[in-house]
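# Observations on chain architecture
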Amino acid sequence: MEQTNKEHIRCLIIGSGPAGFTAAIYAGRANLSPVVYEGMEPGGQLTTTTDIENFPGYPGGTGGSEMMEDLRNQAKRFNTDVRWGQITKADLSSAPYQFEVDGEKEIEADAVIIATGAKAKYLGLADEAKYSGAGVSGCATCDGFFYRKKTVAVVGGGDTACEDALYLSKLCTKVYMIVRKNYLRASKIMQERVLSTENIEVLFEHETVGLSGENKLQGSRLIKRRGQADAQEVDIAIDGFFLAIGHTPNTSLFKEFLETDAEGYLKHIPDTSLTSLPGVFVAGDVADPHYRQAITAAGSGCKAAIDAERYLNEKGL
Ligand code: NDP
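Residues numbered from 1 in each chain as written. Predicted model: local features only at pLDDT ≥ 70, side-chain atom pairs only at ≥ 80, totals over all residues. Heavy atoms only, no water.

## A look at the layout of surface pockets
Where empty space is left can be seen by rolling a probe of water-molecule size over the atoms. Considering only enclosed or pocket space, the second largest pocket measures out at about 320 Å³ in volume. Along its surface, the second largest pocket is lined by 16 residues, and His-268, Thr-272, Ala-287, Ser-300 and Lys-303 are the ones closest to its centre. Per-element accounting of the lining of the second largest pocket gives the leading share, five residues, to helix H7 (residues 294-315). (1 Å grid on protein atoms, 1.4 Å probe; cavity = no way out; pocket = protein on both sides within 12 Å on 5 of 7 lines; lining within 4 Å. Points joined across faces, edges and corners; volume = space filled by probe spheres on them. Helix = DSSP H or I, 4+ residues; strand = E, 2+ residues; numbered from the N terminus.)

Pasting the structure below:
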């Protein structure tokens, strides 16, 4: 990247989920003049969630998009410069760190908080690509509306799968949950809700091997396994196939410069937001394979801003 006409930023925050905006609130109140680039999905994954019932301070719950709008406004109140745009290139080989925005604008930053989150995983079947946008989706709350009064399947047995199945059960005639184990990994309260919902049928010990349909999705072939020797093919008729099998952290820009764990999450010094590079901090799901909650992301955003403030003060930047 060339060194011409570059905007210099004191504290750059990449990502606009609860981690990014909490970092912005703290950095703004510390007079670090933070700039947030919102990325491809402004507001992050919470904008694809319906109700948030477990964020402290909202006894009646709140909506994902509403919470993100509140956090964005709170960050702006403390002079955060919130910008549309995506960081398309990063060079962390030496400070100040260099970035490209939307493939053209060049910026550099003294401190960087990486809060780029994670995205939905797919099974890796060729059929998923074939029916993408024609029945296959990684986001029930985004696309569920298109399957009103239809039959759909949700793959996965975690909290996300349960949440998606419950959401879809209110729109669809029937919801299958395709679960590869003989139990749900989700929290007890979610399990109970799923199992007591009449139009949700949980298919335990089932795995998806293919999808079918002319032009649009019409069915799925599953294998029911009770052990290596006992496998049985099962066909179900469905109009929608929703993936809820976990997430992949959005780290592609930074992998060259920062260490990741086996699943690709950015490594950091335990109990801090510090990475192996001075002035580069991590917050939220991009560095958290364990908890992945809005509240833990927000907490880590707070830590990252405090760490960034200390770093900038120590360096006199
Ligand atoms: P999880 O990792 O908890 O669950 C993933 C599910 O997908 C598991 O049932 C897993 O099966 C299954 N799975 C993974 N890969 C495959 C595959 N290739 N084929 C079939 N099934 C597969 O992910 P979640 O996204 O559900 O949750 C992540 C974290 O976020 C958790 O800590 C969860 O508690 C939290 N969360 C909390 C919410 C809330 O509190 N409201 C809402 C949503 C998420 P197996 O069990 O066999 O590994």
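## Considering the pairing of strand E8 (residues 105-114)
Counting buried residues in E8 gives nine out of ten residues, a clear majority hidden from the surface. Pairing geometry for strand E1 (residues 7-14) and E8, over seven bridges, is parallel. Note on E8: the bridge partner recorded for Ile-13 is Ile-113. Relative to E8, strand E7 (residues 97-101) is paired through five bridges, and the arrangement is antiparallel. Within E8, the residue paired with Glu-100 across the bridge is Glu-106. Counted along the chain from E7 to the antiparallel partner E8, the turn is three residues long, and its residue Asp-102 has a positive phi close to 50°. The pairing of E8 with strand E19 (residues 280-282) spans three bridges and is classified as parallel. (Buried < 20%, exposed > 50% of the residue type's maximum accessible area, 1.4 Å probe, protein only. Pairing = 2+ DSSP bridges.)

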